[in-house]
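Understanding the architecture of this molecule
Residues per chain are reported as follows:
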Amino acid sequence: MAYALDPEVAAVVALMPGTPLTDIPALRGIESTLTSALGEPDASGVDVADLTVPGPAGAPDVAVRVYRPAGTAGTVLPLVFDIHGGGFVLGSVDMFHGGNLDLCRSLGAVVASVEYRLAPEDPYPAGLEDCYAALTALVGAAADLGIDPERVAVRGGSAGGGLAAALALLTRDRGGPRLCFQFLGFPEIDDRLATPSMVAFTDTPGWNRPNAEISWDAYLGPGRRGGPDVPAYAAPSRAEDLAGLPPAYISVMQFDPLRDEGIAYAQALLAAGINVELHLFPGTFHGSGLARHAEVSRRERAEEIAVLRRALFG
């Protein structure tokens, strides 16, 4: 199908890996090769520390990379807890290292990126429990890390956005660290795959319905997707009680199968009395932000910084 993509973002479609999600090991190899080929990003102005924190009960420890603006030792700063994307089966702290350096520099806040376990080797709830353990450990060490426990935002894109939404639900229900904000970039949150955009977009670049099916089957385990026993902590669109969640920002891309579930979640949060900002970026697709030169991509990045700065610094 032909899509009316923004011409500036359409130019990067041919550069995106064409390997289907059916071959997860091959895609992980491509990711590793690309990450190595890019070399070390500019880390000027940022102090970076790799930490290990206790994992969930009976599970391995969790690696966390912490970014702090240089020269701010002794200053208490807000925290952005970042959860990377990758369809629950791909992605790593290293892959998103450059973006988190930029975020830390631009925002002037501490950023922490969590290396959660991936499916299908470690299906739900492994990745979410790793995120919860890491967040709890960081906030518990707030005094030592120079973090303000009252100014903690969770941030994620794609599957990371889904995990971020799930983490907001989990911290509320367990009485865990208080989140002041949730930034959900084109979140993957509905395993039922029944929205109009999910039904229609079977061949969109970056992400499509066939990949979504593989992703959810890997994360939930075979035969569970769309069934009656999938909890809201796995697929936040299923949550019936959204009261008491932190304010949210949700972005969606026009030609992304995840578009309509993001819009529906924003509407559900609004109905629950939660302050929400929703932005649909026209002419875009899942991952079109790779076209960093495109005007719409520049607006998307600038808006992210502005939204997080307002949430964390007032």
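Refer to the structure above for everything that follows.
Scope of this entry: the structure provided in the associated data block. (Residues numbered from 1 in each chain as written. Predicted model: local features only at pLDDT ≥ 70, side-chain atom pairs only at ≥ 80, totals over all residues. Heavy atoms only, no water.)

1. Section: the overall build of the protein
The helix and strand inventory of the protein stands at 10 helices and eight strands. Here the C-alpha radius of gyration of the protein, 18 Å, is about what a compact globule of 314 residues would show, namely 20 Å. Taken across its 314 residues, the protein has 53% of its residues classed as buried. Within the protein, counting contacts between residues at least 6 apart in sequence, those at least 24 apart form 76% of the total. Roughly 12800 Å² of accessible area belongs to the protein as shown, and the carbon and sulfur atoms make up 57% of that amount. (Helix = DSSP H or I, 4+ residues; strand = E, 2+ residues; numbered from the N terminus. Rg over C-alpha atoms; globule rule 2.2 N^0.38 Å. Buried < 20%, exposed > 50% of the residue type's maximum accessible area, 1.4 Å probe, protein only. Contact = heavy atoms within 4.5 Å. Areas by Shrake-Rupley, 256 points an atom, 1.4 Å probe, with all protein chains shown as cover.)

2. Points about the environment of glutamate 261
For glutamate 261, the location among the structural elements is in helix H9 (residues 259-271). Classification of glutamate 261 as buried rests on a relative accessible area of 1%. Among all residues touching glutamate 261, those that are not within four sequence positions of it are Pro187, Glu188, Ile189, Asp190, Thr195, Met198 and Ser237. Within the structure, glutamate 261 has its side chain in polar contact with the backbone nitrogen of aspartate 190 (distance 3.1 Å). (Polar contact = N/O pair within 3.5 Å; in protein donor to acceptor, adjacent residues only side chain to side chain.)

3. Quick word on unusual backbone geometry
A cis amide bond links alanine 119 to the next residue, proline 120, at an omega of 0°. Tracing the chain through its elements places proline 120 in the loop between strand S4 (110-115) and helix H4 (126-140). The amide bond that connects tyrosine 124 to the next residue, proline 125, takes the cis arrangement and shows omega of 10°. Relative to the helices and strands, proline 125 resides in the loop between S4 and H4. Of note in this structure, phenylalanine 88 is not a glycine but carries a positive phi near 70°. Tracing the backbone through its elements, the reader meets phenylalanine 88 in the loop between strand S3 (77-83) and helix H3 (97-107). A residue is classified by how much of its surface remains accessible, and phenylalanine 88, at 2% relative accessible area, is buried.

4. Side note on the sheet that holds strand S8 (residues 276-285)
Overall, mixed pairing links the eight strands, which are arranged S1-S2-S4-S3-S5-S6-S7-S8 in an open sheet. Each having just a single partner strand, strand S1 (46-53) and S8 make up the two edges of the open sheet. Neighbour-to-neighbour, the strand axes of this sheet turn through a mean angle of 20°, independent of strand direction. Examined bridge by bridge, strand S5 (residues 147-157) and strand S6 (residues 181-185) share five bridges and lie parallel to one another. Paired with glycine 156 across the strands is leucine 184, a residue of S6. Here helix H6 (residues 159-174) sits on the sheet and contacts S3, S5 and S6; the angle it forms with S5, its principal contact strand, is near 140°. Helix-sheet contacts for H9 involve S6, strand S7 (248-255) and S8, and the interaxial angle to S7 is about 150°. (Pairing = 2+ DSSP bridges. Axes fitted to C-alpha atoms, helices over the stretch in contact; angles between N-to-C directions.)

5. What to know about the side chain of glutamate 303
One can find glutamate 303 in helix H10 (residues 295-313). For the buried glutamate 303, which has no salt bridge, the nearest side chain bearing the opposite charge is arginine 299, at an N-O separation of 6.0 Å. When residues no more than four places from it in sequence are discounted, the contact partners of glutamate 303 are Tyr249, Glu277, His279 and Phe281. (Lys, Arg positive; Asp, Glu negative; His and termini not counted. Salt bridge = Lys/Arg side-chain N within 4 Å of Asp/Glu carboxyl O.)

6. Brief notes about the environment of aspartate 148
Turning to its location among the elements, aspartate 148 is positioned in strand S5. Sequence spacing of aspartate 148 and valine 110 is 38 residues, and the spatial spacing of their C-alpha atoms is 9.7 Å. Apart from residues lying up to four places away in sequence, aspartate 148 is in contact with Val76 and Leu77. Side-chain polar atoms of aspartate 148 contact the side chain of arginine 151, separated by 2.8 Å.

7. Here we look at the pairing of S4
A regular strand places its side chains on the two faces of the sheet in alternate fashion. Within S4, five of the six residues are buried, which leaves the element mostly enclosed by the surrounding structure. Sheet analysis places strand S2 (residues 62-69) next to S4, joined by five bridges and oriented antiparallel. Across the sheet, residue valine 66 finds its bridge partner in S4, namely alanine 112. Across four bridges, S3 lies against S4 in parallel orientation. By the bridge assignment, leucine 79 is partnered in S4 with valine 110.

8. A few points about the state of the cysteines
As enumerated under the stated definition, the model contains zero disulfides in all. With no disulfide of its own, cysteine 104 has cysteine 180 as its nearest cysteine by sulfur position, at a separation of 16 Å. Its relative accessible area of 1% is what places cysteine 104 among the buried residues. (Disulfide = S-S within 2.5 Å.)

9. Here we look at the pattern of salt bridges
Tallied over the entire structure, the rule returns 20 salt bridges. As a salt-bridge pair, arginine 292 and aspartate 102 come within 3.9 Å of each other at their nearest N and O atoms. Residue arginine 292 is found in the loop between S8 and H10, and its partner aspartate 102 is found in helix H3; the two are separated by 190 residues along the sequence. Judged by its relative accessible area of 46%, arginine 292 falls in the partly exposed class.

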